[in-house]
Amino acid sequence: MKTLASTPGLFVRLGAPLSVIVAAIVALFLVACALLASWIAPYDPTDLASFDLINAELPPAFTTDGDPSFLLGTDNQGRDLLSAMLYGARVSIAIGGGAVLLAATLGVTLGLLAGYFGGRVDALIMRIGDVILSFPTILLALLVSGIARAIFPGAATAEWAPIILICAIAIHEWVQYARTVRAATMVETAKDYVRAAKVIGLPPRRIMLRHILPNVMSPVLVISTINLAAAVLTEATLSFLGVGMPPTYPSLGTLIRIGNEFVFSGIWWIALFPALALVILVLSVNIVGDWLRDRFNPKLRVKR
Amino acid sequence: MFNVLISRLGQAVLVMLVVSAVSFVMFRYVGDPVATMSRENASVEEKAELRRSLGLDQPLVVQYGHFLSRTLRGDLGISYRNQRPVTELIAERLPATLELVIIATILSLALGIPLGVLCALKPHGIAARLVQALSLIGISTPTFVTGIVLILVFAVSLGWLPSFGRGQVVDLGWWSTGFLTISGLKSLLLPGITLALYQLTLIMRLVRAEMIDVLSSDYIRFAKARGLPARYIHFRLALRNALMPVITVTGLQIGSLIAFAIVTETVFQWPGMGLLFIQAVSFVDIPVMAAYLLFVGLLFVLINTVVDILYAVVDPRLRARSA
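Residues numbered from 1 in each chain as written. Chains lettered and ligands numbered in written order. Predicted model: local features only at pLDDT ≥ 70, side-chain atom pairs only at ≥ 80, totals over all residues.

S.K.: Can you walk me through the overall build of chain A in this structure?
M.R.: A tally of regular secondary structure across chain A gives 11 helices and zero strands. Scored against the burial criterion, the 304 residues of chain A give a buried share of 47%. By sequence separation, contacts in chain A at least 24 residues apart represent 68% of the contacts at least 6 residues apart. (Helix = DSSP H or I, 4+ residues; strand = E, 2+ residues; numbered from the N terminus. Buried ≥ 20, exposed ≤ 12 C-beta atoms within 10 Å, placed from the backbone. Contact = placed C-beta atoms within 7 Å.)

Spelled out as structure tokens, the structure:
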């Protein structure tokens, strides 16, 4: 927690513009709120006893018909929207973070192998990556979750949803890590210290993990920020399409999906507040990520 | 040249084989076709008979061969949900999606190019900064949120535009078009804008980057030194060259747009292929899923391969590199 709190100070020392510092504070605030959801949320949306259908579809407290005990109004089942959003953000961030972690682990490992060994290993890994990259994220993710749905029977799908989502997102994102790490590894492998390590007969595993890995990690950390934003968006999109998190354990995307059914009857808040939270979260992470990329590794600017 | 052609085509065929293998595996192992197709109280013998008649008792490679030859003949099976041939379903939905994608592409080019040029010509002006900031917001806003907001404003609050469906369509042979009726055009507007916004940021950023690149090149500096009018330099000399990669990327993006239309089609209940696919995913309608995968895969591979080959024809340096 101490490192989290001192991060804005770090940004100041690195000469970040005001907008980036503000974005970093907003992002950290939202992440902290989401992580602390079970302590700061006014109600517990996972507890069936805490909400009542009588309170369903109440507008936000600041409108004329609002109930002061529900700051942002309630959803179709009488759940407090703010609490549902806090818990939902936690789910979104956990899945996004999990996907980035899995993609980074897979991508860094394969990138190291491809860059260090070259030749056939390299060609195989990179061709697979090329094929994957030639399909858009959303299509692959839909496909993975579609297949997973078919394999797991109905009830198990809800239980496995987070894992399925993490895999569905990571299957596309690992390629970018692999490409970056492969290029950096090739540069490092040609350097004297790695050649020296080879000459004294260190096993490849040790050279890769102890000698090369620390020197290729910085671009990985930089692309992770932007990938986190992208992963949160993909998760939200999948949940919105109805193949992500189930309504019993909603993420921000699921909340927007539920709200979308009520938009036509003029009940705008159920969809709009979670959407706003999602956009602010992703936007602030993107601003920080963009700046980090330009600051530390201008070469990484990819066309998006 | 010939080598490039062969290697690109080889790669394309390889990718399509992989995609078709994934489709096949989905067909064969996800869910049991015998259980789906036989009567509830079918005896073991009946099931075995059905298994034999479907060819499921043959070796895997043979089955895959049958699958390939059926697919090449355009027979993609029958949808579990609609009980109709999948090829027919896709052909029926294709026009809706393509019309949406065409409108979105036109809109995003018509807006993205001028905005990109504006940002490149005055990179520190207020307008350029505003556009840059908006584009970051654009990247961070998921398509479905844009769609919902547009529906809230223009359909629910103002009541100007319809919020779902295609409106009235006119059949031209097998192609049903919404371009010819007022209600069809009105229905196209909101989903078109939603899908275009996803593409707009990309085109704008690309035009800006290319323009800045071209503007700092020698021939532009020479044109300036000659005292040619700024308008002529910017729009006749610079923009033309900056647009080349934009056209390529727009072409490459058509495949992505078709896939991404899934989201837009869901928000606006647009009866296109995307909606067909997402319904298939939630109903575990494997033949439709597999067929959609094959179709979109083919489209991607075709577009990528054609672009690669065209590049090799146009740019001799690429030929040398890959040879």
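S.K.: Help me understand unusual backbone geometry in this model?
M.R.: All names here are of chain B. The backbone of Q269 sits at a positive phi, close to 50°, despite the residue not being glycine. Topologically, Q269 is positioned in the loop between α10 (230-267) and α11 (273-282). Residue classification places Q269 among the exposed positions, given that 12 C-beta atoms sit within 10 Å.

S.K.: Honestly, the interface of chain B and chain A in this entry has me stumped. Any pointers?
M.R.: Accessible area lost on assembly of the parts is the figure often given for the size of an interface. Tallying the contact residues gives 35 residues for chain B and 36 residues for chain A. Going through the elements one at a time, α1 (2-29), α6 (126-140), α7 (143-157), α8 (182-215), α10, α11 and α12 (286-314) of chain B are the ones with two or more residues in the side of chain B that touches chain A. Residue classes in the side of chain B that touches chain A are distributed as 28 nonpolar, seven polar and no charged. (Nonpolar A, V, L, I, M, F, W, Y, C, P; charged D, E, K, R; others polar.)

S.K.: Is there a simple way to think about helix α10 (residues 252-260) of chain A in this case?
M.R.: Along an α-helix, residues three or four positions apart point the same way, because every turn accommodates 3.6 residues. When you tally the buried positions in α10 of chain A, you get nine out of nine residues, the bulk of the element. Along α10 of chain A, the residues classified as buried are L252, G253, T254, L255, I256, R257, I258, G259 and N260 of chain A. Looking at the buried residues of α10 of chain A, the elements they touch are α4 (81-117), α9 (204-240) and α11 (269-296) of chain A together with α7 of chain B.

S.K.: Is there a simple way to explain the environment of M211 of chain B in this structure?
M.R.: Residues and elements named next belong to chain B. Checked against the element boundaries, M211 lands in helix α8. What makes M211 buried here is the crowd of 25 C-beta atoms within 10 Å. Each C-alpha atom of the pair M211 and V25 lies 47 Å from the other, and the pair is 186 residues apart in sequence. Residues in contact with M211, not counting those within four places in the same chain, are G116, V117, A120, A238 and A242.

S.K.: How should I be thinking about the environment of Q279 of chain B in this particular structure?
M.R.: Residues and elements named next belong to chain B. Tracing the sequence through the fold places Q279 in helix α11. In this structure Q279 comes out as partly exposed when scored by C-beta crowding, with 16 C-beta atoms within 10 Å. In this structure, the C-alpha to C-alpha distance between Q279 and T266, residues 13 residues apart in sequence, is 9.4 Å.

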